[in-house]
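Notes for the structure review
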Amino acid sequence: MAGDAGGAVVYEGRDLEAMSFAHNYHRWIVGELAPFLGERAAEVGAGSGDVSRLLLDAGVRHLLAVEPSAEMFPRLRDSVAGDARVDAWQALFADVAPEVAGTLDSAVYVNVLEHVPDDAAELAHVYRALKPGGHVCIFVPALSWLYSDFDASIGHFRRYHRAPLRKLLERSGFEVVRLRWFDLAGILPWLVVFRLMRRRLTGANVSAYDRFVVPVLGALERRIPVPIGKNLLAVGRKPLG
């Protein structure tokens, strides 16, 4: 099922094309978020549907896949075509949220919130859309000193730090139930390749990192909390009361 709430934006998705090679990386992220998803979830900025399929595999029974980009939405629509568990909408979440107010178990933002100009306003929409006890699940780039020309070129307004992200969630009304650094090993490659050498993300470098580094790194970080990372993973809970 597909819908259009009139929120199309321009986004070519070249970084998403490269990240389509990150199979292990995406499985790692969704595995961390799985306990908080529930049965009815929204994925905001669903792109071409790579994470959408993993969310369904993780137990989501009804997925509202929201993608505002006119360039990316046809790929998402084709990816989920014929799956009765998915409603795909070409829209901003702000346009969809009133229609699902108080009905969602979770809202998922994987490498999306950094693209939103007003992240506090976005979380206000999420808060209203969630059931009491529902979760917002966030994965974002971290460390402002890693911000590069590449970040700017793909529409990143910011990279996050732990304390400000916690404060953002709490000011939006959420109880922070998980907040941790993610991908320690990715800091140095990102600093060198994107910040210093000013290169772009490619399928080749994503695939190599995904095949050779992520399986080992994921196993280690699941057992040993890291003191810093290239990304942050956060889960906020809407209070029951």
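Residues numbered from 1 in each chain as written. Predicted model: local features only at pLDDT ≥ 70, side-chain atom pairs only at ≥ 80, totals over all residues. Heavy atoms only, no water.

1. Remarks on the overall build of the chain
Threshold: In DSSP terms, a helix is any run of H or I states spanning at least four residues, a strand is any run of E spanning at least two, and both are numbered starting from the N terminus. Our radius of gyration looks at C-alpha atoms and nothing else; its globule reference is 2.2 Å times the residue count to the power 0.38. Burial classes: relative accessible area under 20% of the type maximum marks a residue as buried, over 50% as exposed, and values in between as partly exposed (1.4 Å probe, protein chains only). Whether two residues are in contact is decided by their heavy atoms, any of which lying within 4.5 Å being enough. Per-residue accessibility takes into account occlusion by the displayed protein chains alone, with areas from the Shrake-Rupley method and a 1.4 Å probe.
Per the secondary structure count, the chain includes 11 helices and 8 strands. In terms of overall size, the chain behaves like a compact globule, its C-alpha atoms giving a radius of gyration of 17 Å where 241 residues would be expected to give roughly 18 Å. Along the first, second and third principal axes, the C-alpha atoms of the chain reach 45 × 40 × 30 Å. The 241 residues of the chain split such that 52% are buried. Long-range pairs, those at least 24 residues apart, make up 77% of the contacts in the chain between residues at least 6 apart in sequence. Approximately 10900 Å² of the chain is accessible, and the part contributed by carbon and sulfur atoms is 57%.

2. Considerations on the environment of Leu 63
Along the polypeptide, Leu 63 turns up in strand β3 (residues 62-66). Separated by 100 residues in sequence, Leu 63 and Ala 163 have C-alpha atoms that sit 30 Å apart. When near neighbours in sequence (up to four residues on either side) are disregarded, Leu 63 contacts Ala 41, Ala 42, Glu 43, Ser 52, Leu 55, Leu 56, Arg 85, Val 86 and Asp 87.

3. A look at the pattern of salt bridges
Keep this limit in mind: Salt bridge criterion: a side-chain nitrogen from Lys or Arg within 4 Å of a carboxyl oxygen from Asp or Glu.
For the coordinates displayed, the defined rule picks out 13 salt bridges. Among the ionic pairs, Arg 178 bridges to Glu 32, the shortest N-O distance being 3.2 Å. Pair noted here: Arg 178 is in strand β7 (residues 175-182) and Glu 32 is in helix α2 (residues 23-33), with a separation of 146 residues, a long-range link. Take Arg 178: its relative accessible area is 29%, and that puts it in the partly exposed class.

4. Some details on the packing of α2 against helix α11 (residues 214-223)
For the record, the criterion: Here an axis means a line fitted to C-alpha atoms, over the contact stretch when the element is a helix, while the angle between two N-to-C directions is reported on a 0 to 180 degree scale. Under this scheme an angle from 65 to 115 degrees is roughly perpendicular, one under 35 degrees roughly parallel, and one over 145 degrees roughly antiparallel; angles in between are oblique. Crossings are classed by handedness, with left-handed meaning an anticlockwise turn of the near helix from the far one by less than a right angle and right-handed meaning a clockwise turn. When residues are sorted by character, Ala, Val, Leu, Ile, Met, Phe, Trp, Tyr, Cys and Pro go into the nonpolar class, Asp, Glu, Lys and Arg into the charged class, and all the rest, Gly among them, into the polar class.
Between α2 and α11, the least distance of the axes is 9 Å, while the angle of their chain directions is 20 degrees. Of the possible angle classes, the one that applies to α2 and α11 is roughly parallel. Remark: the crossing between α2 and α11 carries right-handed chirality. On α11, the residues that touch Asn 24, Tyr 25, Trp 28 and Glu 32 of α2 are Val 214, Pro 215, Leu 217, Gly 218, Glu 221 and Arg 222. Looking at side-chain class alone, the contact of α2 with α11 contains 5 nonpolar, 2 polar and 3 charged residues.

5. Comments concerning the packing of α2 against helix α3 (residues 50-57)
Packing of α2 against α3 leaves a shortest axis separation of 10 Å and a crossing angle of 45 degrees. With respect to α3, the axis of α2 lies oblique. Between α2 and α3 the crossing geometry is right-handed. Touching His 26, Arg 27 and Val 30 of α2 are Asp 50, Val 51, Leu 54 and Leu 55, all from α3.

6. Topic: helix α4 (residues 73-80)
The condition that has to hold: Arc, as used here, means the arc of the directions from the helix axis to the C-beta atoms.
Where α4 is concerned, the buried positions are Phe 73, Leu 76 and Val 80. What you see down the axis of α4 is that its buried residues fit within an arc of 60 degrees, all on one side. Positioned one or two residues after α4, Gly 82 has a phi angle of 85 degrees, which is positive.

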